[in-house]
Amino acid sequence: LVLKVIEFKNSELKIIDQSALPDREVFISLREWQDVAESIEKMKVRGAPAIGIAAAYGYCLGFLENKNCGKKKMLEGMLKVKKGLLSSRPTAVNLQWALERMEERLLHSATEYEREDIYAALVDEANSIKKEQLNSDKKISRNGSRYLRRVGKNLNVLTHCNAGAMATGGWGTALGVIKNAYKEGIIRKVYAGETRPRMQGAKITCYELNKKSVEHELICDTAPGYLMYRGMIDAVITGADRIALNGDVANKIGTYQLAALADRNSIPFFIAAPVSSFDFEIDTGEEINVEYRCECEVLKINGMLTAPEGTRAVNPAFDITPADLIHGYVTEKGVIKKPDELQ
Ligand code: MRU
């Protein structure tokens with residue numbers, strides 16, 4: 001069963017508000033591209049592939065705002081739309097990838113068609129991005145299960161943040177592998193790290209695992225070292241926001257420490273991500289623009305102070321895991337050891 005998290009119909013983008021989960025399952029309706037950009041920035045929709053899909057539909061809405069201008073003005077307007085959506089979050093390459101794809105379709109269509117046809121072409125492109133992601137998710141799941149089977153049976157696996165249906169608009173990458181491998185009896189139990197400060201692991205991953213009746217336990221972000229030391233974790237699998245040519249991975253803050261701890265405890269650590277998460281333009285993780293978010297996310301929980309008034313906090317949303325800590329990348333094209341195998 002695929003969760004319906006992003007739907008586009010009659011020039012309206014409906015997304016599940018991930019910031020309200022698990023308390024409330026509410027859908028919000030977006031009709032302007034600016035609302036889409038704001039929803040990405042505020043993480044109502046989040047996860048690398050999902051923000052790419054949402055931005056692609058946002059681009060369609062942006063076209064509606066500009067479609068009645070002359071061609072030059074329309075193209076200028078669309079450049080503004082692209083920049084606005086792009087600046088909503090900087091780290092995940094999928095956002096940039098999806099918008100470049102949309103722009104290409106616009107430039108191609110703008111020379112040939114009437115305005116209504118251009119709009120239909122853009123919606124078609126955004127629908128394809130969404131559909132292709134679902135297909136990739138399913139292949140990643142199958143490839144990942146096969147890979148995990150080699151690690152052993154009755155595995156206890158750890159995942160971080162949320163790389164499930166919510167994060168991809170379909171089925172999920174890392175969590176897709178986990179759900180599939182659980183169904184096939186390869187995984188016994190899942191540990192989900194809370195993922196401070198936004199708690200995507202606790203709020204969203206546990207929500208999804210619960211819906212799928214996958215046995216799981218929530219752990220604090222500070223617990224993995226001890227669990228690994230006690231032999232309670234057999235493999236670690238996470239998603240990715242951007243993968244450099246040398247294999248360095250940007251993913252949710254805390255991923256690097258999990259990979260380092262897994263290495264120390266001889267536990268395989270792998271990444272599940274679609275080919276669209278690979279950035280072949282950059283050589284190493286050092287070139288990745290890591291988003292820093294408001295310190296308020298660290299200093300308050302549900303409006304209550306977590307530290308004395310006046311305490312300052314630093315809040316990087318992602319970190320970089322060096323390639324040498326990663327055992328393999330599960331993609332829709334198979335499990336690879338180095339990104340250049342995809343080129
Ligand atoms: O800040 P978020 O919640 O958008 O970060 C999400 C992650 O880091 C995910 O692990 C990543 O996007 C992969 S989603 C398939």
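Residues numbered from 1 in each chain as written. Predicted model: local features only at pLDDT ≥ 70, side-chain atom pairs only at ≥ 80, totals over all residues. Heavy atoms only, no water.

Overview of the site of the ligand
Here comes step 1: As a structural note, the neighbourhood of the ligand is formed by 19 residues, with Arg46, Arg89, Gln200, Asn251 and Lys252 the closest of them.
Here comes step 2: Between the ligand and the protein, one listed contact pairs an oxygen atom with a side-chain N or O atom of Arg89 at 2.8 Å.
Here comes step 3: Between the ligand and Asp241, the relevant distance is 2.8 Å, taken from an oxygen atom to a side-chain nitrogen or oxygen of the residue.
Here comes step 4: Starting from 410 Å² of accessible surface for the ligand in isolation, the protein chains cover 99%.
Here comes step 5: Among the elements of the structure, α2 (48-66), α6 (165-168) and β9 (249-252) are those that each provide at least two residues to the shell around the ligand.
Here comes step 6: Of the residues that constitute the shell around the ligand, the class distribution is eight nonpolar, seven polar and four charged. (Near = heavy atom within 4 Å. Polar contact = N/O pair within 3.5 Å; in protein donor to acceptor, adjacent residues only side chain to side chain. Areas by Shrake-Rupley, 256 points an atom, 1.4 Å probe, with all protein chains shown as cover. Helix = DSSP H or I, 4+ residues; strand = E, 2+ residues; numbered from the N terminus. Nonpolar A, V, L, I, M, F, W, Y, C, P; charged D, E, K, R; others polar.)

What to know about the pattern of salt bridges
Here comes step 1: Tallied over the entire structure, the rule returns 20 salt bridges.
Here comes step 2: Taking the shortest distance from any N to any O, the salt bridge between Glu125 and Arg101 comes out at 2.7 Å. With Glu125 in helix α5 (residues 115-151) and Arg101 in helix α4 (residues 93-110), this residue pair connects regions lying 24 residues apart in the sequence. (Salt bridge = Lys/Arg side-chain N within 4 Å of Asp/Glu carboxyl O.)

Comments concerning unusual backbone geometry
Here comes step 1: Pro22 follows Leu21 through a cis peptide bond whose omega is -5°.
Here comes step 2: Mapping Pro22 onto the fold places it in the loop between β2 (12-16) and β3 (27-30).
Here comes step 3: Note the cis peptide between Arg196 and Pro197, where omega equals 0°.
Here comes step 4: Within the secondary structure, Pro197 is located in the loop between β5 (187-193) and α8 (200-211).
Here comes step 5: Phi angles above zero are rare outside glycine, and Asn154 is one such case at about 50°.
Here comes step 6: Note on placement: Asn154 falls in the loop between α5 and β4 (155-159).
Here comes step 7: Owing to a relative accessible area of 48%, Asn154 belongs among the partly exposed residues under this scheme.
Here comes step 8: Unusually for a residue other than glycine, Ser213 sits at a positive phi of about 50°.
Here comes step 9: Assignment of secondary structure puts Ser213 in the loop between α8 and β6 (216-219).
Here comes step 10: With a relative accessible area of 56%, Ser213 lands in the exposed category. (Buried < 20%, exposed > 50% of the residue type's maximum accessible area, 1.4 Å probe, protein only.)

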